[in-house]
Amino acid sequence: MDRDLEYCTFYVNGHYFGLDVLKVQEITRYQEMTRVPLASPVVRGLINLRGQIVTALDLRRRLEMDDRPADEQPINVVVHTDDGAVSLLVDEIGDVLKVSHDIFESPPETLQPPARDLIQGAYKLPDRLLLILDTERLVSVTSGGQSPANRDD
């Protein structure tokens, strides 16, 4: 089937990632965060997005990469999830990229967990590799790996 897909692209620690553009609500500059005591280290804090409280996840930590240098501010990629909006902290924004589904491949064998578990697949582009992230798996850390709807409270 010949269909093109669109991805919002961004960089994290020099790697080129993409998310389904339909999952992205907005992109905003860095915002001050309120820390969440006892939260996973992946949860950098909460941001106030025009009155909506949104959890901010650090993709460097989620993908077990080195922390961002202290003098660099992340950018918020706010995505829709089944449980509401979540901000993903990235290093740099790319473009909206349209690629053919025909060139979609399985995740590279060289990827190690947890990155391997969070990537749906890849596109070999002429100048780099675009890794497509699974939004729902990526944000599952906000509730300890479970959807809040499935927790026993």
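Residues numbered from 1 in each chain as written. Predicted model: local features only at pLDDT ≥ 70, side-chain atom pairs only at ≥ 80, totals over all residues. Heavy atoms only, no water.

1. Comments concerning the overall build of the chain
Our working definition: Each helix is a run of DSSP H or I of at least 4 residues and each strand a run of E of at least 2, with the numbering of both proceeding from the N terminus. For the radius of gyration, the atoms used are the C-alpha atoms, and the globule rule reads 2.2 Å times the number of residues raised to 0.38. The buried label applies to any residue whose accessible area, calculated with a 1.4 Å probe on protein chains only, is under 20% of its type's maximum; exposed applies above 50%, and partly exposed to all values in between. What sets the accessible areas is the Shrake-Rupley method with a 1.4 Å probe; for residues, cover comes only from the shown protein chains.
Looking only at helices and strands, one finds three helices and eleven strands in the chain. Reading the helices (α) and strands (β) of the chain from amino to carboxyl end gives β-β-β-β-β-α-β-β-β-β-α-β-β-α. A compact globule built from 153 residues should have a C-alpha radius of gyration of about 15 Å, and the chain, at 15 Å, falls within 12% of that. For the chain, the spread of C-alpha atoms along the three principal axes comes to 45 × 40 × 30 Å. In the chain, buried positions account for 42% of the 153 residues. Just so you have it, the chain exposes about 8,800 Å², and 46% of that area is on carbon and sulfur atoms.

2. Thoughts on the pairing of strand E4 (residues 43-49)
Inclusion rule: By definition, two strands form a pair when at least two bridges between them are found by DSSP.
Pairing between E4 and strand E5 (residues 52-58): six bridges, direction antiparallel. What sits directly across from Gly 45, in E5, is Ala 56. The antiparallel hairpin formed by E4 and E5 contains two residues in its connecting segment, where Arg 50 sits at a positive phi of about 50°.

3. Topic: the confidence of the model for the chain
Spelled out, the test is: Scored from 0 to 100, pLDDT reflects the predictor's confidence in each residue. Any two residues whose heavy atoms approach within 4.5 Å at even a single point are treated as in contact.
Looking at the chain as a whole, the pLDDT averages 88, with 91% of positions reaching at least 70. pLDDT under 50 marks residues 142-153. Its contacts with residues more than four places away, or in other chains, come to nine contacts.

4. Considerations on the environment of Arg 62
Under the convention used in this document: Under the rule applied, a polar contact is a pair of N or O atoms within 3.5 Å (in protein, one hydrogen donor and one hydrogen acceptor; residues adjacent in sequence only if both atoms are side-chain atoms).
With respect to the helices and strands, the residue Arg 62 is situated in helix H1 (residues 59-62). Considering only alpha carbons, one finds Arg 62 and His 80, 18 residues apart in sequence, at a separation of 18 Å. At 2.9 Å, the side chain of Arg 62 forms a polar contact with the backbone oxygen of Leu 138.

5. Examining the packing of aromatic side chains
Just so we agree on the cut-off: Two rings belonging to Phe, Tyr or Trp (six-membered ring only in the last case) form a pair when the distance between their centres is within 6.5 Å. Interplanar angles under 30 degrees mark stacking, angles over 60 mark edge-to-face geometry, and anything in between is tilted. Either the NZ atom of lysine or the CZ atom of arginine qualifies as a charge over a ring when it sits within 6 Å of the ring centre and within 35 degrees of the ring normal.
All told, the structure shown has four aromatic pairs when counted by the stated rule. Taken together, the ring pairs connect Tyr 7, Phe 104 and Tyr 123 into an aromatic cluster. Positioned above the aromatic ring of Tyr 16, the side-chain terminus of Arg 128 is 4.2 Å from the ring centre.

6. Notes on the pattern of salt bridges
Note the threshold: For this document, the term salt bridge refers to a Lys or Arg side-chain nitrogen within 4 Å of an Asp or Glu carboxyl oxygen.
This model, assessed by the stated rule, comprises eleven salt bridges. Taking the shortest distance from any N to any O, the salt bridge between Arg 44 and Asp 58 comes out at 2.8 Å. Here Arg 44 is found in strand E4, whereas its partner Asp 58 is found in strand E5, with 14 residues between them in sequence. Residue classification places Asp 58 among the buried residues on the basis of a relative accessible area of 0%.

7. Section: the sheet that holds strand E1 (residues 4-12)
Ordered in space as E8-E1-E2-E11-E10-E9, the six strands form an open sheet in which the pairing is mixed. Across the chains shown, the open sheet's two edge strands, defined by having one partner strand only, are strand E8 (92-100) and strand E9 (104-105). Pairing geometry for E9 and strand E10 (residues 119-124), over two bridges, is antiparallel. If you follow Phe 104 over to E10, its bridge partner there is Tyr 123.

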